[in-house]
Amino acid sequence: MTKNYPPGFESRINLADEVPLPVPLLIQCEPSSSCNFKCHYCIHGQGDKVDNSGRMEMDTFTLLCNQINEFETPIKQFNFCGWGEPLLHRHLPEMVRIGKAYNVATNIAIVTNGLLLSSKISKSLVSAGLDSLRVSIQGLTNKRYKEVTDRNVNFTDIVDSVAQFYKIREGCELTVKFADTDITKEEEEIFHDIFDLITDRAYVEYIKPVFVSAEDTVVSRYGIKNDPTLICPQPFYMMDVGVAGNVIPCCSYFSPLGSANIHQESLKKIWNGRQMLRLRLMQLSENRKHQHAFPECRECNIPGANIGPGDDLSGNIKEIKNRIR
């Protein structure tokens, strides 16, 4: 197992043996579609492509929790993340508390850039029962942060915030990942020198281009070489819920499900619905890059970047099709 995998990857199932799953393994919730960074590799650095204004209403979040409870068992992982910065939502600690009260998942995590991780917020998140905090580092100097994020950031403040959270974290696992935007070996060593002592895990995530038309990368963001990923595994194990309740069957910014929304149809019905079945069968055709039914998937390069251990579905296609129909 590479040291560059995030927490939980050591226990991932072999997806080909388990699909169809009655319950998603992962549900992501986007508290905010806004971000306080404009990283050049992210959708927020792509100008007018992005909606940068939304916050999830609390009634939408409560509806989501209720709908997750309609599944037969709790899901394994619930992440507050998405294309926005979760800490921009002023009620995020309360959302964590509600999620824990509803028992929505075995593990509730937040993925953040860490800029707003104040002492007050840190204490509130730990008190609310957060299970995991994952902080994405964009550089090791103020200058590099400016180059990557287009924002003036004091890197020392980020380090201090992480160190402070580590001291008070109680049962919350703290992970820091370094977004590899052409870092040197020396910078990687400096990163580990700084963060190995103030985190439970620190690793490098290899940034891959996903917003340009190109063939899939054959090296994942975890630094692992793969054959071209013809079948995207994400619609088989996860769902993402945006600020307005819109449902995406993956971590893409552009949804192949059109107008699917938890205010019109329950998450369970969407998960088990006809459109999801069509999407999964399309993926199993291994023709993702050349089909026309789901153009969002044709242009997407996320599968090759995100594929992890146990995610390859290509070796058992006929049996999987028979099971999911």
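Before reading on, note that the structure itself is shown above.
Note that the coordinates shown come from a computational prediction; the quantities given were computed from them, not determined experimentally.

Q: Explanation requested: the packing of helix H4 (residues 119–128) against helix H6 (residues 155–168) in the structure shown.
A: For any two helices packed against each other, one specifies the crossing angle of their axes together with the interaxial distance. Between H4 and H6, the least distance of the axes is 10 Å, while the angle of their chain directions is 30°. Between H4 and H6 lies a crossing whose hand is right-handed. Note on element contacts: H6 touches H4 through Gln 164, Phe 165 and Ile 168, opposite Ser 119, Ser 122, Lys 123 and Val 126. The class makeup of the residues in the contact of H4 with H6 is three nonpolar, three polar and one charged.

Q: What is the right way to read the pattern of salt bridges from this model?
A: Pairs may arise between side chains of opposite charge once their charged atoms sit close together. Taken as a whole, this structure holds eleven salt bridges when the rule is applied. For the salt bridge of Arg 12 with Asp 311, the shortest nitrogen-to-oxygen distance reads 2.6 Å. Taken as a pair, Arg 12 in the segment before helix H1 (15–18) and Asp 311 in the loop between helix H11 (302–306) and helix H12 (317–324) lie far apart in primary sequence, 299 residues in all. According to the relative accessible area criterion, Arg 12 is partly exposed, its value standing at 26%. Given the relative accessible area of 3%, Asp 311 is considered buried. The residue Lys 177 makes a salt bridge to Glu 205 at a minimum N-O spacing of 3.3 Å.

Q: Is there a simple way to explain the packing of helix H2 (residues 58–68) against helix H3 (residues 92–102) in this structure?
A: Where H2 contacts H3, the axes come no closer than 10 Å and their chain directions differ by 20°. Overall, the two elements H2 and H3 adopt an arrangement that is roughly parallel. Viewed along their axes, H2 and H3 form a crossing whose handedness is right-handed. Across from Met 58, Phe 61, Thr 62, Cys 65 and Asn 66 in H2, the residues of H3 making contact are Glu 94, Met 95, Ile 98, Gly 99 and Tyr 102. Of the residues that constitute the contact of H2 with H3, the class distribution is six nonpolar, three polar and one charged.

Q: Even after reading the chapter, I still don't get the nonpolar core, so can you show me in this structure?
A: As a rule of thumb, nonpolar side chains are buried together in soluble globular proteins. Formed by 86 residues in total, the largest nonpolar core has its most connected members in Phe 61, Phe 78, Phe 80, Phe 195 and Leu 267. For this core, the element with the highest residue contribution is H6, accounting for six residues. Residues in contact with Phe 78, not counting those within four places in the same chain, are Ile 27, Cys 29, Phe 61, Leu 64, Ile 68, Val 104, Ala 105, Asn 107, Ile 108 and Ala 109.

Q: Would you mind showing me how to read the sheet that holds strand S5 (residues 173–180) here?
A: Hydrogen bonds between backbone atoms are what pair the strands of a sheet, whose relative direction is either parallel or antiparallel. One open sheet holds the eight strands; their spatial order is S6-S5-S4-S3-S2-S1-S7-S8, and the pairing between them is mixed. Looking along the sheet, the strands with just one partner apiece sit at the ends: strand S6 (201–206) and strand S8 (247–248). Against the sheet, H2 touches strand S1 (26–29), strand S2 (75–80) and strand S7 (238–241), its axis set at about 170° to S2.

Q: Would you explain H6 in this entry?
A: Along an α-helix, residues three or four apart share an orientation, since each turn contains 3.6 residues. An ideal rise of 1.5 Å per residue puts 20 Å on 14 residues; H6 measures up with 21 Å between its terminal C-alpha atoms. Restricting attention to buried positions, one finds in H6 the residues Phe 155, Ile 158, Val 159, Ser 161, Val 162, Ala 163 and Phe 165. The opening residue of H6, the one whose side-chain oxygen lies 3.0 Å from the backbone nitrogen of Thr 156, is Asn 154. Downstream of H6 by one or two residues, Glu 170 has phi in the positive range, about 55°.

Q: For this particular structure, what's the right way to read the environment of Gly 310?
A: Along the polypeptide, Gly 310 turns up in the loop between H11 and H12. Residue classification places Gly 310 among the partly exposed positions, given a relative accessible area of 27%. The residues touching Gly 310, leaving out its near neighbours within four places in the chain, are Ile 13, Asn 14, Leu 15 and Ala 16.

Rules used throughout
- Residues numbered from 1 in each chain as written.
- Predicted model: local features only at pLDDT ≥ 70, side-chain atom pairs only at ≥ 80, totals over all residues.
- Heavy atoms only, no water.
- Axes fitted to C-alpha atoms, helices over the stretch in contact; angles between N-to-C directions.
- Helix = DSSP H or I, 4+ residues; strand = E, 2+ residues; numbered from the N terminus.
- Left-handed = near helix turned anticlockwise from the far one by under 90°.
- Contact = heavy atoms within 4.5 Å.
- Nonpolar A, V, L, I, M, F, W, Y, C, P; charged D, E, K, R; others polar.
- Salt bridge = Lys/Arg side-chain N within 4 Å of Asp/Glu carboxyl O.
- Buried < 20%, exposed > 50% of the residue type's maximum accessible area, 1.4 Å probe, protein only.
- Parallel < 35°, antiparallel > 145°, perpendicular 65-115°, else oblique.
- Core = buried A, V, L, I, M, F, W, Y, C linked by side-chain atoms within 4.5 Å.
- Pairing = 2+ DSSP bridges.
- Expected span 1.5 Å × (residues − 1).
- Polar contact = N/O pair within 3.5 Å; in protein donor to acceptor, adjacent residues only side chain to side chain.

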